[in-house]
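In case you want the letters, here they are:
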Amino acid sequence: MVHTLFVARLTLNALGRDRVLHTLLGVSLVLLCLVPAFSLFSMRQVQELAVTLVLSCHALLLIFLAIFLGSSTLWRDLERRHTSLILGLPLSRSHYLLGRFFGVGLFLLLFSLCYALLAVIAVSVSATFYEADRPVIWMNLLAALGGDLLKAWLLAAVAFLFSTFSTSLFLPLFGTLAIYSAGSASQEVYEYLNSDFSSQISAGVRWLAEIFYWILPNLTLFDLKTQAVYSLPLDIPALIYPFIYGFVYTSLVLWGAEFFLSRRDLV
Amino acid sequence: MNAIEATGLKKVFRGKKMQRVEALKEVTFSLSKGEVFGFLGPNGAGKSTTIKVLTGQIRASSGEAFLWGQPVSHPSSRQNLGYLPENPSFPDTLTASDYLRFVGKVFSLPQGELQGKITSVLSRLELDTTMKRPIRGFSKGMVQRLGLAQALLADPDLLILDEPMSGLDPLGRALVKDLISELRQKGKTIFFSTHITADVEQVCDRVGIIVGGRLQCVEPVEELLQEGLSGYRIYYRKDGTMCELPAAREDFPREMETLLSQGIEVDRVEPQRRDLETFFLETVERARYEN
């Protein structure tokens, strides 16, 4: 386990010096600075718009980071043969894989924490412009940010899985994007197929859709934006279920990634 | 216990359209403690594949290999190994010091000694001034030397070096040769691949030649050089002029006696031998003919 932490630290160290990521962090800072100004456009829902903007930017940036880092970290190691050096050390492939994943996950967590801090400031400033009917529930805002983070970890794990058996960047990148799109829509499709509006759809298609529903990650579970934007009460099961689902799904995906990586010839 | 033990190693790759490529064919050899072994072969002969099997990067289709008695599939077999891959590549945003610190931790080197060891190994490879610079700014030769530094950091008893002189200028090559000789004197076991026969002649105890995935021979370098001695060339002065006399191996004592009895001053004697390169070329040629 200690080897996993060493690899995670090395990964975090390398990501911390990546110029592309510095630029992205700069972009997120600019976006957050613009939130109070843009939220004024809503007239009477300044606070709600500010929360919406903050959460949307966070989700967008985090998904971009998760897919970009998840796809490129392992793939780059294999492509540039960093693995020849790292796995030539007394280090198992599973420790290496987990270390790389935890490094990326930790980077996403640190990004989210910094973002959350600045988001609280941006929303607080916006809320002073126009008094909302319901005050911001900060725990809801943090829960929504946490939901995005769980989603990003899961997507990063999916990208890692694709990287373990793909020789090009195409599959990890676009495969994860496809999983993200399908996972975001699967709940709605499932509900539609179980409603009266879909009575004409054949049983075969319905059966196939159901299988996909259970196999694909259900990313809607992590979406807690409505509760955060409108300061609606958030019960504990609503928080625990996505956390357990995310943890179990991510673990299974990583187990699959470890399975493929341990069998791959590093030529 | 042997440092390396490989028995019947076979590796088959599946190419495009499922065609079989037999990269290794029943490769068997062993390396005892303190030996320096040169692994020679033309490009694509299977040198790197053998090394990758030994370091657990790829799995042999059949056969088995052990490092210090431990199966190569287990990471602990690499606990006493320093490995330099061919054309090493590092995460380039890191500094040399960052990477070596990571290597030291994986080898469980004591925290208190780590910095000293890093400084010492970088200094030995003339990289001490670049310790804090990102690796992305390193030249090819510097990257190669950093690869050697990470292999040497934990002071392992076994070193597997895949083309250690590749990408180095003459100064770098001399540095690495010195280093190998120094490690040999310390009793380290070294297995290194190359296609430069002169390097093997200078630093190795034994040489193995692989062609087309099959290990053709494993011979002591000294014996090869002795066997290859065909005769001598005697240079002497007569009436102020330098003369040259070729002598077969068996005629040499008689020729020398004759010259000395005539009171002729012998300037120098040069052995005429079939060098390792000739032996290597003959072996490759023979293997190709047999195949």
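Rules used throughout
Residues numbered from 1 in each chain as written. Chains lettered and ligands numbered in written order. Predicted model: local features only at pLDDT ≥ 70, side-chain atom pairs only at ≥ 80, totals over all residues. Heavy atoms only, no water. Helix = DSSP H or I, 4+ residues; strand = E, 2+ residues; numbered from the N terminus. Rg over C-alpha atoms; globule rule 2.2 N^0.38 Å. Buried < 20%, exposed > 50% of the residue type's maximum accessible area, 1.4 Å probe, protein only. Contact = heavy atoms within 4.5 Å. Areas by Shrake-Rupley, 256 points an atom, 1.4 Å probe, with all protein chains shown as cover. Lys, Arg positive; Asp, Glu negative; His and termini not counted. Charge placed at Lys NZ, Arg CZ, Asp CG, Glu CD. Buried area = accessible area lost by both parts, 1.4 Å probe. Salt bridge = Lys/Arg side-chain N within 4 Å of Asp/Glu carboxyl O. Polar contact = N/O pair within 3.5 Å; in protein donor to acceptor, adjacent residues only side chain to side chain. Nonpolar A, V, L, I, M, F, W, Y, C, P; charged D, E, K, R; others polar. Pairing = 2+ DSSP bridges. Expected span 1.5 Å × (residues − 1). Axes fitted to C-alpha atoms, helices over the stretch in contact; angles between N-to-C directions. Parallel < 35°, antiparallel > 145°, perpendicular 65-115°, else oblique. Left-handed = near helix turned anticlockwise from the far one by under 90°.

(A) Spatial organisation of the overall build of chain A. Check the secondary structure of chain A and you find 10 helices and 0 strands. Reading chain A from its N terminus to its C terminus gives the helix and strand order α-α-α-α-α-α-α-α-α-α. Relative to the globule expectation of 18 Å for 267 residues, the C-alpha radius of gyration of chain A, 20 Å, shows essentially globular dimensions. Dimensions of chain A along its principal axes, counting C-alpha atoms only, are 60 × 55 × 30 Å. A burial count over chain A gives 48% of its 267 residues as buried. Contacts spanning at least 24 positions in sequence make up 81% of the contacts within chain A whose residues lie at least 6 apart. A total of about 13100 Å² of accessible surface is found on chain A, and carbon and sulfur atoms cover 72% of it. Of note, chain A has its 15 positive side-chain charges centred 14 Å away from the centre of its 15 negative side-chain charges.

(B) Main features of the interface of chain B and chain A. Residue-level contacts link 31 residues of chain B with 30 residues of chain A. Both faces combined, the contact of chain B with chain A buries some 2800 Å², and carbon together with sulfur accounts for 56% of it. Of all residues in chain B, B:Gln57, B:Phe102 and B:Val106 give up the largest surface area on contact with chain A, accounting jointly for 22% of the area buried on that side. At the junction of chain B and chain A, the tally comes to 3 salt bridges. Salt-bridge contacts for B:Asp92 lead to A:Arg80; the nearest nitrogen and oxygen are separated by 3.9 Å. Across the chain B-chain A interface, the total number found is 15 residue pairs in polar contact (both at pLDDT 80 or more). Those elements giving two or more residues to the side of chain B that touches chain A turn out to be strand S1 (4-14), strand S6 (81-84) and helix H2 (96-106) of chain B. Per-element accounting of the side of chain B that touches chain A gives the leading share, 6 residues, to H2(B). Split into classes, the residues belonging to the side of chain B that touches chain A amount to 15 nonpolar, 8 polar and 8 charged.

(C) Focus on the pairing of strand S12 (residues 241-248) of chain B. All names here are of chain B. Summarising the sheet, strand S11 (residues 229-238) and S12 pair through 8 bridges and their orientation is antiparallel. Bridging from a neighbouring strand, isoleucine 234 pairs with leucine 245 of S12. As consecutive antiparallel partners, S11 and S12 are separated by 2 residues, and within that stretch aspartate 239 has a phi angle of approximately 55°, a positive value.

(D) Representation of helix H5 (residues 170-185) of chain B. Residues and elements named next belong to chain B. The end-to-end C-alpha distance of H5, which contains 16 residues, comes to 23 Å, matching closely the 22 Å that a straight helix rising 1.5 Å per residue would cover. Along H5, the residues classified as buried are Gly172, Leu175, Val176, Lys177, Leu179, Ile180 and Leu183. Packed against the buried residues of H5 are strand S3 (36-40), helix H3 (111-124), helix H4 (140-152), strand S7 (158-162), strand S8 (189-194) and helix H6 (197-203). Of the residues trailing H5, glycine 187 is marked for its positive phi of about 85°.

(E) Spatial organisation of helix H3 (residues 46-79) of chain A. Residues and elements named next belong to chain A. Over its 34 residues, H3 extends 48 Å from the first C-alpha to the last, a length consistent with the 50 Å expected when each residue adds 1.5 Å. A large share of H3 lies buried, amounting to 25 of its 34 residues. With its phi angle positive at about 60°, arginine 81 sits one or two positions after the end of H3.

(F) Inspection of the packing of H3(A) against helix H5 (residues 93-127) of chain A at higher detail. Residue and element names in this part refer to chain A. Between H3 and H5, whose axes approach to 10 Å, the crossing angle comes to 165°. Taken together, the axes of H3 and H5 lie roughly antiparallel to each other. Considering how the two elements wind past one another, H3 and H5 form a crossing that is right-handed.

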